[in-house]
Amino acid sequence: MKLITAVIQPHKLDEVKAALSAAGVRGLTVSEASGYGRQKGHTEVYRGAEYTVDLVPKVRVEVLVDDADAANLAEVVVGAAQSGKIGDGKVWISPVDDVIRVRTGANGPDAL
Amino acid sequence: MKLITAVIQPHKLDEVKAALSAAGVRGLTVSEASGYGRQKGHTEVYRGAEYTVDLVPKVRVEVLVDDADAANLAEVVVGAAQSGKIGDGKVWISPVDDVIRVRTGANGPDAL
Amino acid sequence: MKLITAVIQPHKLDEVKAALSAAGVRGLTVSEASGYGRQKGHTEVYRGAEYTVDLVPKVRVEVLVDDADAANLAEVVVGAAQSGKIGDGKVWISPVDDVIRVRTGANGPDAL
Amino acid sequence: MEPFIDTGITAWMLVSASLVLLMTPGLALFYGGMTRAKSVLNMMMMCFGAIALIGVIYPLWGWSMSYGASIGGIFGNPFDQFGLGGSFDPIAVLNEETGASMPTMVDVGFQATFAIITVALIAGAIADRVKFSTWMVFAGLWTTLAFFPMAHMVWSGGLLSDDGPFAGIASPIDFAGGTVVHINAGVAGLVLALIVGKRKGFGTEPMKPHNMPLVMLGAALLWFGWFGFNAGSAYGADEVAGLAWVNTTTAAAAAVLGWLLVEKIKYGKATSLGAASGIVAGLVAITPAAGALTPVTSIILGAVAGVLCALAVSLKHKLGYDDSLDVVGVHLVGGLVGTVLIGFLATDGGLFFGDGVNLLIVQILIALVAVVFSGIVTVVIGLILKAAMGWRIAEEDEVRGIDLAEHAEGAYEEINS
Amino acid sequence: MEPFIDTGITAWMLVSASLVLLMTPGLALFYGGMTRAKSVLNMMMMCFGAIALIGVIYPLWGWSMSYGASIGGIFGNPFDQFGLGGSFDPIAVLNEETGASMPTMVDVGFQATFAIITVALIAGAIADRVKFSTWMVFAGLWTTLAFFPMAHMVWSGGLLSDDGPFAGIASPIDFAGGTVVHINAGVAGLVLALIVGKRKGFGTEPMKPHNMPLVMLGAALLWFGWFGFNAGSAYGADEVAGLAWVNTTTAAAAAVLGWLLVEKIKYGKATSLGAASGIVAGLVAITPAAGALTPVTSIILGAVAGVLCALAVSLKHKLGYDDSLDVVGVHLVGGLVGTVLIGFLATDGGLFFGDGVNLLIVQILIALVAVVFSGIVTVVIGLILKAAMGWRIAEEDEVRGIDLAEHAEGAYEEINS
Amino acid sequence: MEPFIDTGITAWMLVSASLVLLMTPGLALFYGGMTRAKSVLNMMMMCFGAIALIGVIYPLWGWSMSYGASIGGIFGNPFDQFGLGGSFDPIAVLNEETGASMPTMVDVGFQATFAIITVALIAGAIADRVKFSTWMVFAGLWTTLAFFPMAHMVWSGGLLSDDGPFAGIASPIDFAGGTVVHINAGVAGLVLALIVGKRKGFGTEPMKPHNMPLVMLGAALLWFGWFGFNAGSAYGADEVAGLAWVNTTTAAAAAVLGWLLVEKIKYGKATSLGAASGIVAGLVAITPAAGALTPVTSIILGAVAGVLCALAVSLKHKLGYDDSLDVVGVHLVGGLVGTVLIGFLATDGGLFFGDGVNLLIVQILIALVAVVFSGIVTVVIGLILKAAMGWRIAEEDEVRGIDLAEHAEGAYEEINS
Ligand SMILES: Nc1ncnc2c1ncn2[C@@H]1O[C@H](COP(=O)(O)OP(=O)(O)O)[C@@H](O)[C@H]1O
Ligand SMILES: Nc1ncnc2c1ncn2[C@@H]1O[C@H](COP(=O)(O)OP(=O)(O)O)[C@@H](O)[C@H]1O
Ligand SMILES: Nc1ncnc2c1ncn2[C@@H]1O[C@H](COP(=O)(O)OP(=O)(O)O)[C@@H](O)[C@H]1O
């Protein structure tokens, strides 16, 4: 199995969820993050001093998938998250040895 | 080494910590997340409109472990986090090449 | 490619960012976490009862890197995050099959 | 009798002015909690900016345009008492018979706070998306061209007062500002929402309140301040003030029950946002009526306002204008409900008390005049500013958050600070 | 002398009523900040719901049951002045000698605010777990059956007043509501906590405050409002009001020092929750005594209350009832401390001032009567509602959070909004 | 004439005292929102601790040291009216001619609130890093040795009053406490910031406000409370009170505009922190002048104060002292601006009104005396405490957060609670 991790723009979350859902994904996990890359942060003014906040808010989406679906679903995420502007984020695929569904204790692909 | 990641119900965190501790685990990392799966979200009412929030709050627990302990400790987490109700979450095991303890710079299994 | 994950003391974040930047890293992702290990938590007093909070706030930094750079950059992070005190945290390296830049759809090392 | 400064009345009016001033920060919290976390500071700045700007304008030409020598019953001559000089009379006689008076300066303070809150109310209709500079210019122009004239017409012997043309039918009743404040601001909010346009994501994203305890606190401070607004409008520490105080409370309380009932029936749950909104709806509706009803008829008025405003806030989704924080649904609808229901419920002159339809007709007429006047003035100012300065920030900035874009600040600490 | 409306007194009473009304939202913040993040809105709704419901009930039958024609010294006839009609007298004479009076309507407002806050206080004992509908029905019934009668007995010539049977021993002293408000609500909180049962996780999870700045703000607004509560209970703008004002401040200040001292000694650290709780404990204790002590004896009373309440809040863990936000430890204990210490410290009649034990005995007696009366009424209402409607929400909803379950809302913005 | 209790004045003074008491919690929010999330409770505790401690000290020896029999025009004899006994006179005559009076007890309350807020103001200069125990001892000592004497010198016929040596040149004007409160606290803040030293990370980390809505709310409550501070300092419900009320508002409003203008020009953006700071700067500057200017000259004074304070807050970065929340930039600079500008702008005696430089000279002199007096007293207390108790918490605790270290609490709920 694989884990697809996507760090995307927060306002693209709804589209990514919808696209994954349409592609048959039935579960995912979301968390808050922030990051920087080519996208610069912004300047804040505070009491007679300007300073730079380089971290920009992002959302992290994680989806556990079958090996076979990984490449395709990563494309689905990229398609939904893309705005073409700097700061759109990254998607990566990493190997997973095993997955267990807590409720039943079942493991392997059935646990997805 | 392996990384066990568990996405569980927030109110099960204390039990999972206690179970891992009893099983000899001496450190772990926790963060906030939310997710959906078979468990549906809930409906909120807002100014003349009902809408669905599908993401349900979860907690993510990460534990770095020796290869040999991975399967067993994953079971420990599953056992402690299980309520038998939908939404109990997922646990997965992924490979880790190396671990370093920041304080000492030591790496490998000793760093756990 | 590899993913370097570092769980560090929050007040070391600026130094880690600076060190990575100096080492040529052009992007990273940050999120909030908390954890425990050898570092004990603290005691809080609440209405006629003392209790222990074992989780200490930490920051998680994630950097996607080329295979070749992984070990070196992990050292950079360790160097910048080290205070020599208990609770300094962990850094680990895990394998990544593929990385995609959302903006362009490009994948592989070019996407970093 | 010889005028004398009644220290009791003066004390109450000093308090009332202080209470009404507090309403605008209360509004900033009420509105600010309802915005998304990325726009709360801009909303608060629209309110605090109004305090700052109108606080300066009022003594310069605001008082004179409201209470100075009348120009055609429409507005006061701004130069008559410019800077509180000229023909400014330091003593305001409140009771010709007893001579009970207060220092006019206290009235200046009291009236200034009404001007401040009125324009701030409008901000809720255009939350999250307008340039701070355009807003500030608008606030100054609108207060000068829409608020001061309306105050003059209603409260200073102008067209909509006892001395106006409608008084032949019946004396119009606007105890504390249903027309001047709420209908005026509500119409302006509707007009601006249309001119400025919708937020990106309106109708598809929920855009729900980011901090409900702030909203509740804001509603509470508004209620507290409203005692100055309504009971202060008695211009005395007497039976009328007491009655206005009690009516304010019973109407707001009944409106909460009304609003929650609508929610319970329509959605199955009574919400805290409904309670906060019900408070404001009830307070708005009782504003023009606070001295003219009994506590029991105030309960009726409040309940009706709560129910109707609860229904009215979903109109924007049906009609498709983005009145972000429901200025129209609460202030315009609530202001109309209050102004018109007086025609039925007034102890003295109300249809239900057997006094015929005259008062009802007059109340409808003054509401209509207020709607038309405010509508026209706001359209003109709004469109001129659209052409001259532009209203909207860049869409990208709206997505990222107006607090960062317009004020270079975030409301809450982020990860690396 | 001929009664006349004293504008100074009327101004102060209008202010006092406004201040006391603000206390209930202050309580909503104080309690709301202390709950977990998933239950803050429900707690606020219990308070705001009380404002709305009692705000409507009070003019209907509340005033009449408190101050209408007495039925056996226990309660007023609800129909006597129903809806503020009937034998309602518009002028309330405050000083027979000088004729100084205020409009009765102002007193109606002032008294209504006491009824509101008293029932709202009880909510803290049963936080996070009860059906909103059951709470609202309880609030209406309890105020009608426990609060109005107690107000009648103490403040309207009833059984616990100067005209009651105990007055033969000594005139009982309850300046601003130690028995009517605090003992009454404290006992009801204890009874309901027992009937409703513990929260899931009580005793094992810390369940600590989710937002301490809200708690501090709430405590501050309570203090501010309490000036109306205590100094307003002088029914005059005179020496007694001034004394009550100063005593309120010194007692609250001393109670904070007392509470923090206990914490420092027991745990090594003085907490902000301790400071906030100390404020309330001091204010509760000085309530019955505010006009009867000196500033210096008020310091003593406050310090004692601070120390005793700080010790009392750990009782619930020992005895095992889940009085979630310490209504018993603060209001019942504080109310008893204040009521009883009057017997020692009263400038006029106190044991320490050489006036014997008569006052002390009477103070203990009225406290006991209040405990028994409130206890019985609350047990009956609580059990009937348990059978008829049920008190608890589903355990699953309690875990997920009562805000979502009962109000379909979350207090703070989440990730995807 | 025969002294009589004027109920109107008494009502207003009761209200004013309540308003000023609310300022210190307002300050706790204003300061608390500006700290980092890990230090907000400690900041609030410094403020609430001041309320508690001074609330107890004031009736014991504070009143007597301020208004008791003078010792050399420097301070009152603490034993003269210790515990409000001794020669304490229950009636305070406010107008010899009419006999209008208030109960002295009301004045005790009013004055106590000034003592409380003054020492609390200092806390902002040393946020996030000092031992709570040392702070509490400092608060008691400083109020006793710096505040009470200054109050005596300025307000009780002492050295800086009309009866002092400067009065030969011109009567010094400090209407509501520019020297006693703001210069006094501002200097003390500067001295302590130097003695205590910088926070770890000062100059490299931004250390920006963790919760701006709290800051805005705090600023609003300060403004609201300041009506009691300034208009209450008229000791009457009359023209002067009305004038002080309006001047307070116009000055604060103009200062916001001034501050925002500086930001707009220097950084391109007007911030909400700038608006909140501008409010306080304007209020500080108008404090000594509130009864001596017109609304229009108050606008000038406010605007100047807003501009100068906005520039002054960046001094600390240049000069390298860590006045964490800008007590120096706002209270010292604002207090000096207000005190000195009176010499130019006073309607009666001001240079711009053709009355020569005498008043200006006197105003500069009293400002200087206040700076020197406060400076010396604070240096002495600060250094003694440094030696005796130590000021700083452990660096490690500062990094982890002073709330946990000193109060064993966190302000907001964390993940596992
Ligand atoms: N090397 C990296 N490792 C981890 N996260 C990265 C890396 N580079 C970028 N990111 C994440 O992707 C986000 C977008 O990156 P950025 O370079 O701004 O956009 P783009 O890839 O579209 O040019 C960043 O905010 C960060 O969260
Ligand atoms: N495919 C998936 N990838 C990542 N996370 C998932 C996936 N499926 C479920 N989850 C996580 O597990 C949680 C529980 O899933 P759910 O299907 O509701 O429960 P159950 O597995 O007990 O039926 C979700 O809220 C989500 O956070
Ligand atoms: N086995 C582990 N798995 C995951 N995270 C860990 C583990 N051990 C420690 N950590 C993380 O590292 C942090 C520091 O660990 P700790 O043992 O306190 O420090 P040190 O390694 O310097 O002794 C913890 O707070 C936790 O977040």
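Residues numbered from 1 in each chain as written. Chains lettered and ligands numbered in written order. Predicted model: local features only at pLDDT ≥ 70, side-chain atom pairs only at ≥ 80, totals over all residues. Heavy atoms only, no water.

An unreviewed UniProt entry lists chain A under the name Nitrogen regulatory protein P-II, from Ruania alkalisoli. Word for word, the UniProt comment on chain A under Subunit (unreviewed entry) is "Homotrimer." (UniProt positions renumbered as here; feature names shortened; annotations may be inferred.)

*Asks:* Looking at this structure, I do not really get the relation of the copies chain F and chain D. What am I missing?
*Replies:* Mapping between the two copies of the chain is achieved by a rotation about an axis and a shift along the axis. Laying chain F over chain D is done by rotating through 120° and shifting 0.0 Å along the axis; what remains is an RMSD of 0.0 Å. Here the symmetry operator amounts to a three-fold rotation axis. Among all residues of chain F, the one whose C-alpha sits closest to the rotation axis is Gly8(F), at a distance of 2.1 Å. A share of only 13% of the interface residues of chain F reappears at the interface of chain D, consistent with the copies meeting through non-equivalent patches. (Least-squares fit on C-alpha atoms with pLDDT ≥ 70 in both. Contact = heavy atoms within 4.5 Å.)

*Asks:* What should I look at first to understand the pattern of salt bridges in this one?
*Replies:* Any two side chains of opposite charge can pair, given that their charged atoms come close. Under the criterion given, the structure shown has 43 salt bridges over all chains. In this structure, Lys17(A) engages Asp14(A) in a salt bridge whose closest nitrogen and oxygen atoms are separated by 3.7 Å. Here the residue Lys17(A) and the residue Asp14(A) both occupy positions in helix H1 (residues 13–22), the gap between them amounting to three residues, near one helical turn. Judged by its relative accessible area of 38%, Asp14(A) falls in the partly exposed class. Because the salt bridges share partners, they merge into one network encompassing Arg36(D), Asp128(D), Arg129(D), Arg199(D), Glu205(D) and Asp322(D). (Salt bridge = Lys/Arg side-chain N within 4 Å of Asp/Glu carboxyl O. Helix = DSSP H or I, 4+ residues; strand = E, 2+ residues; numbered from the N terminus. Buried < 20%, exposed > 50% of the residue type's maximum accessible area, 1.4 Å probe, protein only.)

*Asks:* In this structure, what is going on with the packing of helix H7 (residues 239–267) of chain E against helix H1 (residues 7–34) of chain F? I would like to understand it.
*Replies:* Look at H7(E) against H1(F): their axes get within 11 Å of each other, and the N-to-C directions meet at 15°. When the interaxial angle is binned, H7(E) and H1(F) end up roughly parallel. Once H7(E) is placed against H1(F), the crossing between them reads as left-handed. Between H7(E), through Ala241(E), Gly242(E), Trp245(E) and Thr249(E), and H1(F), the contact on the second element is made entirely by Leu14(F), Ala17(F), Ser18(F) and Leu21(F). Considered class by class, the residues forming the contact of H7(E) with H1(F) number five nonpolar, three polar and no charged. (Axes fitted to C-alpha atoms, helices over the stretch in contact; angles between N-to-C directions. Parallel < 35°, antiparallel > 145°, perpendicular 65-115°, else oblique. Left-handed = near helix turned anticlockwise from the far one by under 90°. Nonpolar A, V, L, I, M, F, W, Y, C, P; charged D, E, K, R; others polar.)

*Asks:* Sorry, what's going on with the sheet that holds strand E1 (residues 4–5) of chain F here?
*Replies:* Paired through their backbone hydrogen bonds, the strands of a sheet run either parallel or antiparallel. Residue and element names in this part refer to chain F. Strand order in the open sheet formed by three strands is E1-E5-E4, and the pairing between neighbours is mixed. The open sheet has two edge strands with one neighbour each: E1 and strand E4 (91–93). Direction of pairing for E1 relative to strand E5 (residues 100–103): parallel, over a ladder of two bridges. When the bridges of E5 are listed, Phe4 appears paired with Ala100. Seen against the sheet, H1 touches E1 and E5 and runs at an angle of roughly 40° to E5. Sheet strands touched by helix H3 (residues 104–122): E4 and E5. Its angle to E5, the strand with the most contacts, is close to 65°. (Pairing = 2+ DSSP bridges.)

*Asks:* So what exactly am I meant to see when it comes to the confidence of the model for chain D here?
*Replies:* As a general rule, the predicted coordinates of low-pLDDT regions are not to be interpreted in detail. Of all residues in chain D, 99% attain a pLDDT of 70 or more, and the chain-wide mean is 96. For this predicted complex, the interface confidence reaches an ipTM of 0.97, while the overall pTM sits at 0.97. (pLDDT = per-residue confidence, 0-100.)

*Asks:* Which parts of the structure should I look at to understand the sheet that holds strand E4 (residues 91–93) of chain E?
*Replies:* Residues and elements named next belong to chain E. Read across the sheet, three strands follow the order E1-E5-E4 without closing on themselves; strand pairing throughout is mixed. Single-partner strands in this sheet number two, and they are strand E1 (4–5) and E4. On top of the sheet, helix H3 (residues 104–122) reaches E4 and strand E5 (100–103); it is set at about 65° to E5, its chief contact.

*Asks:* Looking at this structure, I do not really get the site of ligand 1. What am I missing?
*Replies:* Around ligand 1, the structure places 19 residues, and the nearest of them are Arg38(A), Gln39(A), Thr29(C), Leu64(C) and Arg103(C). More than one chain reaches ligand 1: its neighbouring residues belong to chains A and C. A distance of 3.4 Å separates an oxygen atom of ligand 1 from a polar backbone atom of Gly35(A). Relative to its unbound accessible area of 560 Å², ligand 1 is 98% covered by the protein chains. Looking at the shell around ligand 1, the elements that each hand over two or more residues are strand E2 (28–36) and strand E6 (89–95) of chain A together with strand E2 (28–36) and strand E5 (56–65) of chain C. It is E5(C) that contributes the most residues to the shell around ligand 1, three residues altogether. A breakdown of the residues in the shell around ligand 1 according to their chemical character gives five nonpolar, seven polar and seven charged. (Near = heavy atom within 4 Å. Polar contact = N/O pair within 3.5 Å; in protein donor to acceptor, adjacent residues only side chain to side chain. Areas by Shrake-Rupley, 256 points an atom, 1.4 Å probe, with all protein chains shown as cover.)

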